[in-house]
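Report on the structure
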Amino acid sequence: MLDDTAVAVRRATDTAAAVLVCLDFGDEDYEDGIAEITRLAQSAGATRNHVVRGSRQRPDARLFAGSGKVEEIGIAADELNAATVIFNHSLAPGQQRNLEKELGRKVLDRTELILHIFSQRAKTNEGKLQVELAQLEHLSTRLVRGWTHLERQRGGLGKTGGPGEKQIELDRRYIAKRVGVLKEHLLQLRKQRTVRRRARVRREVFSVSLVGYTNAGKSTLFNALTHPSAGAYVADKLFATLDTTSRKVWIENAGQVVVSDTVGFIRDLPHGLVAAFRATLEETVRADLLLHVVDSASEARLREAGDVNKVLAEIDAATIPQLAVWNKIDVSGLEPAVERDEYGRISRVLVSARNGAGLAGLRAAIAEAARPQKQPGHSQTFSPELSIQCR
Ligand SMILES: Nc1nc2c(ncn2[C@@H]2O[C@H](COP(=O)(O)OP(=O)(O)OP(=O)(O)O)[C@@H](O)[C@H]2O)c(=O)[nH]1
Ligand SMILES: [Mg+2]
């Protein structure tokens, strides 16, 4: 019932093909957007894809794209034998239905694609509950509008078997009930986590959370810092990690430190997902120190870092001391370093989680951050503006 999206992407996985539609409405990061949606589609299993570009002043009310563009999309989809067309935009439910009718294929928007990837990746009970909650909430917003649409055309749609039909079958009360159950479940899990965290605070263990854009290398760095075989899942896929993993590690001059790996961020993270994951994120980023991992080889690194900071602000984590860790210097050609500002505070650490370059410096930086905690009144170690520097 809820697997409309999943079915569509599975079909696409069979042919491993999707047409990706990216229209330029004058965004300056249009090209970055194309690269990103391509990676998202690949991460969802659509390894063969074709990008249809275009530019418009504003979306078409009925089809989002113009009718000529929709024709072009149809031809591309035929050529690729693609089961799915993915729009790198938000589609209104009506536009989505019209497009599906016009193209005879499943049409997904960016939010649904991300939700689908999350549902593929969720492993722990909590992760699964959070994704289901986000999917249901996304669906229920569509449903509300879906019903208005049905009310206007009552009678006809039942026979058409169009995409609207699924919505007729859906019982809104069922969704509301299930949402309630999921929220209750998640609340219980959150309480348990709070108890665990309190125990940690009582023991005064310094805690460090790795945050950053998806694919920046957080899990690789987590494994490198904690243990070569720490076992956090690393993959060249977006949203490889969904569940938080924490591990205790001993760092010279800092003693025991708890390090946590977290879910990656992405721009325009679907709202329901932020809400669903808020609880986990809030817990994990309530650390003493955030290591903001940035892919130094990504052309969009500064925008990505900015997007991460935006989400951090949304979950009230903007004031936690943050250390910029520029990763993948083996690709970007930078030298390992611990950089300081004019007051001697650490502004940035350059590392390669893959080959270990700069990790000793990062450990020393963590130890330096841990020290003021033990000596109250000690001045701040890191630049407050936090070091995502434009170089
Ligand atoms: N060359 C190079 N590749 C790296 C480095 N660190 C990570 N990678 C690669 O980057 C890709 C993503 O790494 P992950 O550690 O899964 O990234 P992540 O930030 O945990 O990603 P999500 O869990 O999706 O948010 C993998 O293919 C890694 O092997 C590095 O220092 N150098
Ligand atoms: Mg990861």
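Throughout what follows, the structure given in this document is the object of discussion. This one's a predicted model, so the numbers in the text were calculated from it and none came from an experiment.

Direction of pairing for strand E6 (residues 245–251) relative to strand E7 (residues 255–261): antiparallel, over a ladder of seven bridges. Its bridge partner lying in E7, Trp250 is registered against Gln256. In this antiparallel pair of consecutive strands, E6 and E7, the connection spans three residues, and Asn253 shows a positive phi of 70°.

Close contacts around ligand 1 come from 23 residues, with Gly217, Ser219, Asp236, Thr241 and Gly264 the closest. Those elements that place two or more of their residues in the shell around ligand 1 are helix H10 (218–226) and helix H13 (329–332). A per-element tally of the shell around ligand 1 places H10 first, with three residues. Across the shell around ligand 1, the residue classes tally to eight nonpolar, ten polar and five charged.

Before going further, it helps to examine the nonpolar core. In terms of nonpolar packing, the biggest core is built from 90 residues, with Val19, Val21, Val85, Ile86 and Val325 touching the most fellow members. Excluding residues that lie within four positions of it along the chain, Val85 makes contacts with Ala18, Val19, Val21, Ile73, Ala77, Leu103, Arg105 and Val107.

Once that is clear, we can look at the sheet that holds strand E1 (residues 17–24). One open sheet holds the four strands; their spatial order is E2-E1-E3-E4, and the pairing between them is parallel. The open sheet has two edge strands, strand E2 (48–55) and strand E4 (106–109), and neither has a second partner. Taken over all neighbouring pairs, the strand axes of this sheet differ in orientation by 25° on average, direction set aside. Taken together, the four bridges between strand E3 (residues 84–87) and E4 define a ladder with parallel strand orientation. The residue bridging Thr84 from the neighbouring strand is Lys106, located in E4. In the packing of helix H3 (residues 67–80) onto the sheet, the strands contacted are E1, E2 and E3, and the crossing angle to E2 comes to about 170°.

Here we come to unusual backbone geometry. Excluding glycine, a negative phi dihedral is what most residues carry, and trans is how most peptide bonds are arranged. Notably, Asn215 is not glycine yet its phi reads approximately 75°, a positive angle. Topologically, Asn215 is positioned in the loop between strand E5 (206–212) and H10. We classify Asn215 as buried; it has 23 C-beta atoms within 10 Å. Residues other than glycine seldom take positive phi values, yet Asn253 does so here, at roughly 70°. With respect to the helices and strands, the residue Asn253 is situated in the loop between E6 and E7. Judged by local crowding, Asn253 falls into the exposed class, with 11 C-beta atoms found within 10 Å.

Take the packing of H3 against helix H4 (residues 93–103) next. H4 packs onto H3 with a crossing angle of 55° between their chain directions and a minimal axis gap of 10 Å. Compared by their axis directions, H3 and H4 come out oblique. In this structure, H3 meets H4 at a crossing whose hand is right-handed. Taken together, the residues of H4 that come into contact with H3 (itself represented by Val70, Ile73, Gly74 and Ala77) are Leu99, Glu102 and Leu103. Within the contact of H3 with H4, the residues separate by chemical class into five nonpolar, one polar and one charged.

A few words now on the sheet that holds strand E11 (residues 346–350). Strand pairing within a sheet occurs via backbone hydrogen bonds; the two strands may be parallel or antiparallel. Strand order in the open sheet made by the seven strands is E6-E7-E5-E8-E9-E11-E10, with mixed pairing throughout. Of all the strands in the sheet, just E6 and strand E10 (337–340) have a single pairing partner and so form its edges. Within the sheet, the average angular offset between the axes of one strand and its neighbour, ignoring direction, is 25°. Strand contacts of H10: E5, E6, E7, strand E8 (289–295) and strand E9 (322–327), with the helix running at about 160° to E7, the strand carrying the most contacts. Across the face of the sheet, helix H12 (residues 301–314) comes into contact with E5 and E8 while running at roughly 150° to E8.

Basis of the calculations
- Residue numbers run consecutively from 1 along every chain, following the written order of its sequence.
- To label them, take the chains in the order written and letter them from A, then take the ligands in the order written and number them from 1.
- Whole-chain, interface and lining totals are the exception, using all residues; otherwise, since this is a predicted model, local features are given only for residues with pLDDT of at least 70 and side-chain atom pairs are given and counted only at 80 or more.
- A pair of strands is considered paired only if DSSP assigns at least 2 bridges between the two.
- Secondary structure elements are taken from DSSP: a helix is a run of H or I of four residues or more, a strand is a run of E of two residues or more, and numbering for both begins at the N terminus.
- Any residue whose C-beta atom, as placed from the backbone, lies within 6 Å of a molecule or strand is termed near it.
- The nonpolar class holds Ala, Val, Leu, Ile, Met, Phe, Trp, Tyr, Cys and Pro. Asp, Glu, Lys and Arg form the charged class, and all remaining residues, Gly among them, are polar.
- Note on definitions: a nonpolar core is a set of buried residues drawn from Ala, Val, Leu, Ile, Met, Phe, Trp, Tyr and Cys, linked by C-beta atoms within 7 Å.
- Here a residue counts as buried when 20 or more other C-beta atoms sit within 10 Å of its C-beta, as exposed when there are 12 or fewer, and as partly exposed otherwise, the C-beta atoms being derived from the backbone.
- By definition, residue pairs are in contact when their C-beta atoms, positioned from the backbone, come within 7 Å.
- Here an axis means a line fitted to C-alpha atoms, over the contact stretch when the element is a helix, while the angle between two N-to-C directions is reported on a 0 to 180 degree scale.
- By the definition adopted for this analysis, an angle is roughly parallel if under 35 degrees, roughly antiparallel if over 145, roughly perpendicular if from 65 to 115, and oblique otherwise.
- Each crossing is labelled by how the near helix is turned from the far one, with a counterclockwise turn of less than a right angle marking it left-handed and a clockwise turn marking it right-handed.

That is the geometry; function is a separate question.
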